[in-house]
Amino acid sequence: MIKMTIDNHPIQVREDRTILEACREHGFPIPTLCYHPALEPYGACRLCIVEIAQPSRPSRLTASCTYPCEEGLVVQTNSGRVKRSRRMTAELLLAGAWNSPAIQALAEELGVQEVRFHLPEEDICVLCGMCVRACHEIVGTNAISFIQRGIQKHVSPPFKISSAACIACGTCTLICPTGAIRLTKVTGVDTTLAVHGPIADLNPHYCRLCGVSDMSVHFLQDLDKSTYSRLTQSYQEVSK
Amino acid sequence: MKTAPGMAGYFQDYGGDLIIDPISKLQSVSEFEIWQNLLASEWDDTQPCVRVCDGTGCRALGSQKVLEKLRQELGQTKAIPLEHMISVEIVGTGCPGFCECGPLLTIYPEQVSYQRVKPGDIPEIIQKTLREKKIIERLLYTDPQTGKHIYREPELPFYQKQKRMLLDFNGRIDPTRIQDYIALGGYRSLVKALISLNPDEIIAEVKASGLRGRGGAGFSTGLKWEMCRRNILRTKIGYIICNADEGDPGAFMDRSLMEGNPHSVIEGMLIGAYAMNVQQGFVYIRAEYPLAVENLRIAIHQAEQAGLLGDNILGTDFSFRLHVRLGAGAFVCGEETALMASVEGRVGEPHPRPPYPAESGLWGQPTNINNVETWANIPFIIKQGARIFAETGTDKSKGTKIFSLVGKINNTGLVEVPMGITLREIIYDIGGGLPNGKAFKAAQLGGPSGGCLPAEHLDTKIDYESLTALGAIMGSGGMVVADEDTCMVDFARYFMSFTQQESCGKCTPCRIGTKAMLATLERICAGGGLPGDIEYLLEVAETVRTSSLCGLGQTAPNPVLSTIRYFRDEYEAHIFDKICPAKVCKGLISYSVIPELCNGCQVCLRNCPAGAISGAKQQVHRIDEALCTRCGMCKSVCKFEAIGLYSGAMVAI
Amino acid sequence: MPVTAVEETTLSAINEILRDEALGEGSLIGALEEIQERYRYLPPEALILASEYFNVPLAQTYSVATFYNAFSLKPKGKHCLHVCMGTACHVRGSPQVLDRLETKLGIKSGETTEDKLFTLETVNCLGACALGPIVVTDEAYSGAMTPQKVDQLIKNLHRMEEAQV
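Residues numbered from 1 in each chain as written. Chains lettered and ligands numbered in written order. Predicted model: local features only at pLDDT ≥ 70, side-chain atom pairs only at ≥ 80, totals over all residues. Heavy atoms only, no water.

### Here we look at the environment of Ile-107 of chain C
All names here are of chain C.
Part 1: Considering the arrangement of structural elements, one finds Ile-107 in the loop between α6 (94–105) and β2 (118–123).
Part 2: Accessibility expressed as a relative area gives 8% for Ile-107, which makes it buried.
Part 3: Measuring from C-alpha to C-alpha, the distance between Ile-107 and Thr-119 comes to 8.6 Å, with twelve residues separating the pair along the chain.
Part 4: If sequence neighbours within four positions are ignored, Ile-107 has contacts with Glu-102, Thr-112, Thr-113, Phe-118 and Leu-120. (Helix = DSSP H or I, 4+ residues; strand = E, 2+ residues; numbered from the N terminus. Buried < 20%, exposed > 50% of the residue type's maximum accessible area, 1.4 Å probe, protein only. Contact = heavy atoms within 4.5 Å.)

### Some thoughts on helix α11 (residues 262–276) of chain B
All names here are of chain B.
Part 1: The end-to-end C-alpha distance of α11, which contains 15 residues, comes to 21 Å, matching closely the 21 Å that a straight helix rising 1.5 Å per residue would cover.
Part 2: Most of α11 is tucked away: 15 of the 15 residues are buried.
Part 3: Following α11 by one or two positions, Asn-277 has its phi on the positive side, about 60°. (Expected span 1.5 Å × (residues − 1).)

### With respect to a nonpolar patch on the surface
Residue and element names in this part refer to chain B.
Part 1: Together, Phe-219, Leu-223 and Met-227 line one region of the surface with nonpolar side chains, adding up to about 240 Å² of accessible area.
Part 2: Structurally, the position occupied by Leu-223 is in helix α9 (residues 221–235).
Part 3: Relative accessible area serves as the criterion here: at 35%, Leu-223 is assigned to the partly exposed category. (Patch = residues over 30% accessible without salt bridge, like charges linked within 9 Å, V, L, I, M, F, W, Y side chains within 5 Å. Areas by Shrake-Rupley, 256 points an atom, 1.4 Å probe, with all protein chains shown as cover. Salt bridge = Lys/Arg side-chain N within 4 Å of Asp/Glu carboxyl O.)

### Here we look at the confidence of the model for chain C
All names here are of chain C.
Part 1: Looking at chain C, the pLDDT average stands at 86 and 95% of residues meet or exceed 70.
Part 2: When the elements of chain C are averaged for pLDDT, helix α5 (residues 87–91) gives the smallest value, 76, and helix α4 (residues 58–67) the largest, 96.
Part 3: Prediction confidence for the complex, expressed as pTM and ipTM, is 0.89 and 0.87 respectively. (pLDDT = per-residue confidence, 0-100.)

### Quick word on the interface of chain C and chain A
Part 1: Contacts between chain C and chain A engage 14 residues on the former and 13 residues on the latter.
Part 2: Here chain C packs against chain A, burying approximately 1200 Å² in sum over the two surfaces, 70% of which is carbon and sulfur.
Part 3: Three residues, Ala-59, Tyr-62 and Phe-67 of chain C, lead the burial of chain C against chain A; their summed loss comes to 45% of the area buried on that side.
Part 4: Across the contact surface, chain C and chain A share zero salt bridges.
Part 5: On inspection of chain C and its partner chain A, the count reaches five residue pairs in polar contact (both at pLDDT 80 or more).
Part 6: The set of elements that each furnish at least two residues to the side of chain C that touches chain A consists of α3 (44–53) and α4 of chain C.
Part 7: In terms of residue count, α4 of chain C provides more of the side of chain C that touches chain A than any other element does, six residues in total. (Buried area = accessible area lost by both parts, 1.4 Å probe. Polar contact = N/O pair within 3.5 Å; in protein donor to acceptor, adjacent residues only side chain to side chain.)

### Things to note about the packing of aromatic side chains
Part 1: All chains considered together, the criterion is met by 19 aromatic pairs over all chains.
Part 2: Considering the side-chain rings of Phe-331 of chain B and Phe-498 of chain B, the 4.8 Å spacing of their centres and the 70° angle between planes classify their relative orientation as edge-to-face. Here Phe-498 of chain B lies in helix α18 (residues 488–502) and Phe-331 of chain B lies in the loop between β9 (321–326) and α13 (336–343), a separation of 167 residues in the sequence. The exposure classification of Phe-331 of chain B matches that of Phe-498 of chain B, with both residues buried.
Part 3: Ring geometry for Phe-67 of chain C versus Tyr-68 of chain C: centroids 4.9 Å apart, planes at 75°, classification edge-to-face.
Part 4: Given a relative accessible area of 2%, Phe-67 of chain C falls into the buried group.
Part 5: With a relative accessible area of 2%, Tyr-68 of chain C lands in the buried category.
Part 6: Here the aromatic residues Phe-98, Tyr-141, Phe-158 and Tyr-159 of chain B are joined through ring pairs into a cluster of three or more. (Phe/Tyr/Trp six-rings, centres within 6.5 Å; stacked < 30°, edge-to-face > 60°.)

Structure (structure tokens):
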């Protein structure tokens, strides 16, 4: 166990925890968007920013989801600098996702008064990457990825056409925080998943882990890394 | 290991073959020393030799044609009687740095330096200078202050205040011949490291030298090596990388080192690999540097042939392999975690640190990444020792730094100076001041990650700490000079446009924040600036700077912050007065015919791409402001200076 | 899967490049760069095959192909004109040179002319700053460019093309 301070409270935490995990364990609220306990921390949204100080170093801001706990670390989760950064980040998210109820709610909570910059086109996807990461880390089919870079970066299947790898498990639609991915039944059985274009349109296949044709919200919420690895192990044993 | 005694690049007849000294694998240190002594004895600076700069810059100015003509002419003169025959070595070298005056041709042993040489000059050079030992005045450098011609290369004012520890070999050796590098003492530091120093001693020496990362961060190189070595002792496997992804626009220090003296980098990496117990290394180099890539590959191949790279180097149990990896057009891959992702075959997306590469880098193993210039400093430190290295520079910034001096400057090129030299000395004593008598406005250091220093800071001593205190950074060495005709708002907009395009897009502040800042700057430059814009820029800048995931985002606001700090009045003029004081921003300028000077020749009319000029022959012409695209073509073709450029002034049409 | 009409010879050449790189401990990006250099673009087959040789998901290969500026998924023109947008070139007037090129060729930066002869692109600093502004046509460097010199450059290129026909 190591000793740290969060918002002037001394706490003890396991060595392998991140600051975000330590905060959640001890009841310090931190807003997040691209964090999910079943996925590797990504550090993209920058909403989980906290202020950290170490001896003989000036204090600085960092993403709590990726920064490991250290002995003697002093963390401020709600300082003026932190609040200003989160507020500006939320305002920037609204630059594209101005119609997203989830982002609007987040922005209001973080104190955004007005949105002073708008991207030329509305885009409800905030590039949190959870769909891509879930498809890669949990489901393992790698049907979608981030393509291009910078402000043009977006989620797409290869060649922007219906993916042959997608199994229509629906994980991406469930994990997406803004509803940018939709699952629509076109005719009775055909299914289309869409971000900016189709991810796949085909009949639902079986999830390779549980055999069900789309994953439930409960499954995702309860899934943590150790469960997943146990599941994968038993699946591999069964399929030998 | 027998070499054919022969001189590099000596053509027997026009179109004939080069005599190449064969390179055979050295099995021991003593074999190396024998070869080195032989090569050193063959190297004779008193023999006639013509050295022509064959780096990218001079190639673009035609140096290849100069070399071809030289070889052709000297080949043909073989036909004349023996007593008149000159046997002259011809060497295409790397870039010595005086790029403004290329193609550069220097004749040894007298060290006569000719500039802006054309193929047509060659017969005269051969006859007058090589044969008759006479100087051709028109090809000499002329000191703009005194009007004097200077013929000896070491006396050129450009080189006086430089301290060329790294660039010394660049004008002398043929970079495609490992023999040249060895003849002048190359790879002796490696031998010293292998034979008489253990890894801890090597690291101690690098620490004591005070060498700091030359890529821009300025972190202690020795400390970095020490951390990495400690981790590799634990994991048993590790890597070293040379970051040659020099992406700052306007910077070409690393390019010239790789083109002109690639072995200095290879030797530095060998010593580092030995010190950190690493068997594999990578050089990650931009694909936009084809000549540097080629010369590096040749150098690696020759080092492998000689047994200086590969298994059991010089008969020891030290093995090291060096691979080349090309960049693929992404500035962000100069950031170390993005670079490693790229080497691993993935997109160049940075990932958060900690963990730092020294702990977990390539394929999860401890990795030490250093910049080209940092590696190139290592052989000197090992050969001469930390104490001598530390004699150059200031208290906390030891050694030299190579800068690429570009922009509004008379002597564009590469300069290597001791840390602690002042900006004024670089710009005026070495750089020869600004052209056309224009006033100095600012020097941008560190490219798109850096800040500018205005005239009031010309006497700043260049070292890491003093630059940071003034809101600038050392950066990788780009130094762009701006004069009174440079608009600092447009300057900031240019850098923001660059960083914004190069953002990988992973994190919110960089991806969207830089776009927000750029959109604001573009609006200001187009004449649409609003009250509150400067405050908005500062507000967004703070979040982008403090909360972005990687160095690209964290430093992207620097040019904006720096120009607002020192040139706020220019921003205010754009926003409130709708004036661009430097008359650059298209949305705030207009071109207009000056009636008293107009000759009615219609040259501007014919050249206007927008058809905005009207006027019969011999009549005063008129520019239609609504059609004018502000391209400036008319002003550049008018022989009578009858086109005026205005900003904010009312113009009578 | 999208399949363009790539010839058999191209397909086998691509296979060879990939095999050599994958066996020689090369990298995915290095292999794609070689294919790009030879064919001036990356056909979809190349991405699919590369994914197999290097044992990475197709989605990752496609990410890589669209992330880096060096790669193009559409064939480029016969001649590539690159305008250096480095700082030194910028300060010396490269934007006007680019404007002129766009006007004369009738395309924007990043596009290829209708007759597939010319592709116009901007490129980050080439490191030949004393000669700015620079335009590189295929491998030939043209220094100290001005809008006027652009006209001459285009004229020369067209003349060269006509001579070949």
